[in-house]
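Spelled out from the first residue to the last, the chains are:
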Amino acid sequence: MNPQATPSASGLVEQLLADATTKRASDVHIEPHRDGLKVRLRIDGLLHEHQALDRAHSNAVIARIKILAGLDIGQQRLPQDGRLKLERPGRQQQEFRVSSCPTLFGEKLVLRHIDHLSTLPKLNQLGMQESQHQELTNAIEHPWGMVLVTGPTGSGKTVTLYAALQALNQAHRNISTIEDPIEMTLPGINQVQCHEAIGLGFANTLRTFLRQDPDVLMVGEIRDGVTAKMAIEAAQTGHLVFSSLHTHTALATLTRLRHLGISTPDLVGALRLVLSQSLMRKLHHCKQPDDSAMAHRLMGQGKQASSRIYQAGGCEQCRSGYLGRIGVFETLPITPAVRQTLLQAQSPESLSATDLEGGWIDLRQAAAQHVVDGISSLNEMNRITSEVIH
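Residues numbered from 1 in each chain as written. Predicted model: local features only at pLDDT ≥ 70, side-chain atom pairs only at ≥ 80, totals over all residues. Heavy atoms only, no water.

Draft legend 1. How the structure looks around the overall build of the protein. Each helix and strand in the protein was counted, giving 12 helices and 15 strands. Taking 390 residues into account, the globule formula puts the C-alpha radius of gyration at 21 Å, and the protein, at 23 Å, falls close to it. Expressed as a percentage of the 390 residues in the protein, the buried residues total 48%. Nonlocal contacts in the protein, meaning residues at least 24 apart in sequence, comprise 63% of its contacts between residues at least 6 apart. (Helix = DSSP H or I, 4+ residues; strand = E, 2+ residues; numbered from the N terminus. Rg over C-alpha atoms; globule rule 2.2 N^0.38 Å. Buried < 20%, exposed > 50% of the residue type's maximum accessible area, 1.4 Å probe, protein only. Contact = heavy atoms within 4.5 Å.)

Draft legend 2. Representation of the sheet that holds strand β8 (residues 175–179). Strand order in the open sheet formed by seven strands is β9-β8-β10-β11-β7-β12-β15, and the pairing between neighbours is mixed. Lying at the two open borders of the sheet, with one neighbouring strand each, are β9 (190–193) and β15 (322–333). Between one strand axis and the next, the sheet turns through 15° on average, direction left out of account. With four bridges joining them, β8 and strand β10 (residues 216–219) adopt parallel strand pairing. What sits directly across from T177, in β10, is M218. Helix-sheet contacts for helix α5 (residues 202–209) involve β8, β9 and β10, and the interaxial angle to β8 is about 170°. (Pairing = 2+ DSSP bridges. Axes fitted to C-alpha atoms, helices over the stretch in contact; angles between N-to-C directions.)

Draft legend 3. Just the sheet that holds strand β5 (residues 94–103), in detail. The six strands lie next to each other as β3-β2-β1-β6-β5-β4, forming an open sheet whose pairing is antiparallel. Edge positions in the sheet fall to β3 (46–54) and β4 (80–86), since each of these pairs with one other strand and no more. Going from strand to strand, the sheet's axes swing by 20° on average, the running direction of each strand aside. As paired elements, β4 and β5 share seven bridges and run antiparallel to each other. Following the sheet pairing, L86 is matched in β5 by Q94. On the sheet, helix α2 (residues 55–68) packs against β1 (27–33), β2 (36–43), β3, β4, β5 and β6 (106–113) and is oriented at approximately 115° with respect to β3.

Draft legend 4. Seen up close, unusual backbone geometry. Between D180 and the following residue, P181, the backbone shows a cis peptide bond with an omega angle of 0°. Relative to the elements of secondary structure, P181 occurs in the loop between β8 and β9. One non-glycine residue, D44, lies in positive phi territory at about 50°. On the basis of relative accessibility, which here comes to 9%, the residue D44 falls in the buried class. Backbone geometry places D213, a non-glycine residue, at a positive phi of 50°. The residue D213 is located in the loop between α5 and β10 in this model.

Draft legend 5. Representation of the state of the cysteines in the model. Enumeration over the complete set of coordinates arrives at zero disulfides. The cysteine C286 is free of any disulfide, with C318 supplying the nearest cysteine sulfur at 3.6 Å. For C286, a relative accessible area of 14% corresponds to the buried category. (Disulfide = S-S within 2.5 Å.)

Draft legend 6. Region of the structure containing the pattern of salt bridges. Under the definition given, this model contains 13 salt bridges. Linking R97 and E183 is a salt bridge whose minimum nitrogen-to-oxygen distance equals 3.6 Å. Placement of R97 in strand β5 and of E183 in the loop between β8 and β9 is noted, with a sequence separation of 86 residues between them. By relative accessible area, E183 is classed as buried at 13%. (Salt bridge = Lys/Arg side-chain N within 4 Å of Asp/Glu carboxyl O.)

Draft legend 7. Up close: the environment of C194. Structurally, C194 is set in the loop between β9 and α5. For C194 and R364, which are 170 residues apart along the polypeptide, the C-alpha to C-alpha distance reads 34 Å. Residue contacts for C194: discarding those within four places in its chain leaves I178, E179, D180, L200, G201 and F202.

Draft legend 8. Spotlight on helix α3 (residues 130–140). Among the residues making up α3, those that are buried are Q132, L136, T137, A139 and I140. Down the axis of α3, the smallest arc covering the buried residues is 160°, so these residues share one side. (Arc of directions from axis to C-beta.)

Draft legend 9. Fine view of the packing of aromatic side chains. A complete count under the given rule lists zero aromatic pairs for this structure. R272 extends its terminal NZ or CZ atom over the ring of W144, reaching a point 4.2 Å from the ring centre. In this structure, K287 packs its charged tip against the face of Y310, placed 4.6 Å from the ring centre. (Phe/Tyr/Trp six-rings, centres within 6.5 Å; stacked < 30°, edge-to-face > 60°. Lys NZ or Arg CZ within 6 Å of the ring centre and 35° of its normal.)

Draft legend 10. Examining the side chain of E330 more closely. With respect to the secondary-structure elements, E330 resides in strand β15. For the buried residue E330, which engages in no salt bridge, the nearest side chain bearing the opposite charge is R364, 11 Å off. Polar contacts involving the side chain of E330 include one to the main-chain amide nitrogen of L363, which spans 3.3 Å. (Lys, Arg positive; Asp, Glu negative; His and termini not counted. Polar contact = N/O pair within 3.5 Å; in protein donor to acceptor, adjacent residues only side chain to side chain.)

Draft legend 11. Examining the packing of α5 against helix α6 (residues 225–236) more closely. One way to put it is that α5 packs onto α6 with a least axis distance of 9 Å and a crossing angle of 20°. Between α5 and α6, the crossing angle belongs to the class labelled roughly parallel. Crossing of α5 over α6 shows left-handed handedness. Touching F202, A203, L206 and R207 of α5 are V226, T227, M230 and A231, all from α6. Split into classes, the residues belonging to the contact of α5 with α6 amount to six nonpolar, one polar and one charged. (Parallel < 35°, antiparallel > 145°, perpendicular 65-115°, else oblique. Left-handed = near helix turned anticlockwise from the far one by under 90°. Nonpolar A, V, L, I, M, F, W, Y, C, P; charged D, E, K, R; others polar.)

Draft legend 12. Representation of the pairing of β1 in the model. Counting buried positions along β1 yields six of seven residues, so the element is predominantly enclosed. Two elements, β1 and β2, share seven bridges in a ladder whose sense is antiparallel. Counterpart to H33 in the pairing with β2 is G36. Counting the residues between successive antiparallel strands, the hairpin from β1 to β2 contains two residues.

Have a look at this one:
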């Protein structure tokens, strides 16, 4: 772009979205401040400053994005949601979900790139340890029961749920989902977009699904006690049910469901597996050996005595030594022994891995294995597991 020319709002927006796509950003944050707009991109889970726009361009850029997303440009005092598509000659169409929110200095926009699931990984490509992959496979091979996928926002829960559904997607199964939003189209699966404003919510749609001869159901998120109770009942009456919750550990998931009014007997009677997950950044090829004391201690605990611990380097092809992310998982299969322990415990949060049959691989242990395998670094392990240690 010619620095002497005054760029149009249309050109600025097109270039911004093109940059976000090229840099593999999952989200674009456009934030108003006293002197203009600040643009940040979320890449591999972390926000990075990208661009600053002066006050002269602020209103026009916001208005242009709202027009493209089908939002009301005259409404600046209430939040709005919409979608826009970026079409460029010779390039694949890109789609963004747009959310606006009024702030002190104007409207803040966040654009979520929703084309990042165009290639759905298989279950064994998500980053699970071999034993965890087998536990998930065993759970979804049952004709009934519930599989819960948990983790914070942006931890990859949707990808895991879609990969599990795709593994079951065969002609003899009737699979239906209720989602908010639908992130990816899955051919052969009946997907419904949640729309609470017209009464098309999770609970109402799930009630309808149960009258349509289902085999497999997916409730995008359990948000309230009514939905939780219906999902549990569906899992107990011959259906395989998938859903998600915003919790950080497997045991915290059980506690959350109890707070939603689900009794422990119903809970352990319906559940097959609780899977908690996060994402950690992958080291790029420019990684460097890590000779710290902590690295040597972890190296001694690894499965392979010849393992080498690495830390981030940095080159022109990566961002601060990292490129891409990999899943980190904690799986809690509800075996008969685990079920009995949970029934006898005063509360799930009072338990730990050592209280349950054979324990399990928690998030920190799974992250440590990625470090030992040379996939990620100690810094990443500590960053994503600092709040989930049991």
